[in-house]
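An overview of the molecular structure
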Amino acid sequence: MAIAIFPGSFDPVTNGHLDIIRRAAALFDELVVAVLDNPNKKGRFPPEARVDMLRRVTTAWPNVRAERFSGLLVKYAQRCGARVIVRGLRAANDFEYEFQMAQLNRGMSEAVETLFMMTAPQYAYVSSSGVREIAALGGDITPLVPGALLREIREACEEIPAAN
Ligand code: PNS
């Protein structure tokens, strides 16, 4: 059974993430979407809300499950029985960070392989931080996030007072 893990902050999940989830779920028997719970880095959405949103938008894929994790990714991957870490690559500026992370993870465990998937061109510039900023400033995030989450993402982000 081939199990893969797709880790990230997912603060919040975007259509770009969802595209990677859909494509990765077609390649593996099981895909664990792992939401980092980092007590030192408070996000806009609490980790349990991120997991809940992911669960609601991935119901179409029975082999996908969303979970929270803390600590080292490679250790969590091993606990899940995953031998593959899936990461999406957007534009070239993602590369350096991803390369470094993959090498650090490899240094800790050669048993876990990092596999990169190229983001579909229409999502190349979609990011959670972009979504948060556009929503906070009253812009339209309809093309960027799953329709089922549109309202709650907008409302949560609009609570941020806009800077002058
Ligand atoms: O969506 P993000 O914020 O780019 O995801 C980053 C993530 C969660 C994959 C990364 O921060 C991570 O794996 N954190 C867990 C701690 C860890 O294992 N660090 C060592 C690798 S740099």
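Residues numbered from 1 in each chain as written. Predicted model: local features only at pLDDT ≥ 70, side-chain atom pairs only at ≥ 80, totals over all residues. Heavy atoms only, no water.

1. What to know about the overall build of the protein
- Tallying secondary structure elements over the protein gives 6 helices and 5 strands in all.
- Its C-alpha atoms give the protein a radius of gyration of 16 Å, within 12% of the compact-globule value 15 Å for 164 residues.
- Projected onto its principal axes, the C-alpha positions of the protein cover 50 × 30 × 30 Å.
- Counting every position in the protein, which comprises 164 residues, the buried fraction comes to 48%.
- Residue pairs in contact within the protein that sit at least 24 positions apart in sequence constitute 76% of those at least 6 positions apart.
- Placing the 19 positive and 19 negative side-chain charges of the protein at their respective mean positions leaves the two points 3 Å apart. (Helix = DSSP H or I, 4+ residues; strand = E, 2+ residues; numbered from the N terminus. Rg over C-alpha atoms; globule rule 2.2 N^0.38 Å. Buried < 20%, exposed > 50% of the residue type's maximum accessible area, 1.4 Å probe, protein only. Contact = heavy atoms within 4.5 Å. Lys, Arg positive; Asp, Glu negative; His and termini not counted. Charge placed at Lys NZ, Arg CZ, Asp CG, Glu CD.)

2. Quick word on the packing of aromatic side chains
- Across all of its chains, the model carries 3 aromatic pairs by this definition.
- Note on Phe69 and Tyr76: the rings are 5.3 Å apart at their centroids and 20 degrees apart in plane angle, and the pair reads as stacked. (Phe/Tyr/Trp six-rings, centres within 6.5 Å; stacked < 30°, edge-to-face > 60°.)

3. Concerning the layout of surface pockets
- Volume-wise, the largest pocket comes out at about 1200 Å³.
- Taken together, 46 residues make up the lining of the largest pocket; nearest its centre are Gly8, Ser9, Phe10, Arg87 and Tyr97.
- For the lining of the largest pocket, the secondary structure elements donating two or more residues are β1 (3-8), α1 (15-25), α2 (47-57), β4 (84-89), α4 (95-108) and α5 (128-136).
- In terms of residue count, the dominant contributor to the lining of the largest pocket is α4 (7 residues).
- For the lining of the largest pocket, the per-class residue count stands at 20 nonpolar, 16 polar and 10 charged. (1 Å grid on protein atoms, 1.4 Å probe; cavity = no way out; pocket = protein on both sides within 12 Å on 5 of 7 lines; lining within 4 Å. Points joined across faces, edges and corners; volume = space filled by probe spheres on them. Nonpolar A, V, L, I, M, F, W, Y, C, P; charged D, E, K, R; others polar.)

4. Topic: the pairing of β4
- Within β4, 6 of the 6 residues are buried, which leaves it mostly tucked inside the rest of the structure.
- Burial along β4 is two-sided: Val84, Val86 and Gly88 and Ile85, Arg87 and Leu89, pointing in opposite directions, are all buried.
- Here β4 pairs with strand β5 (residues 113-118) via 6 bridges, running parallel. Note on β5: the bridge partner recorded for Leu89 is Met118.
- Taken together, β4, α4 and β5 constitute a β-α-β crossover, and its handedness is right-handed. (Pairing = 2+ DSSP bridges. Right-handed = clockwise from strand over helix to strand, strands pointing away.)

Purely spatial values, then, with no claim about function.
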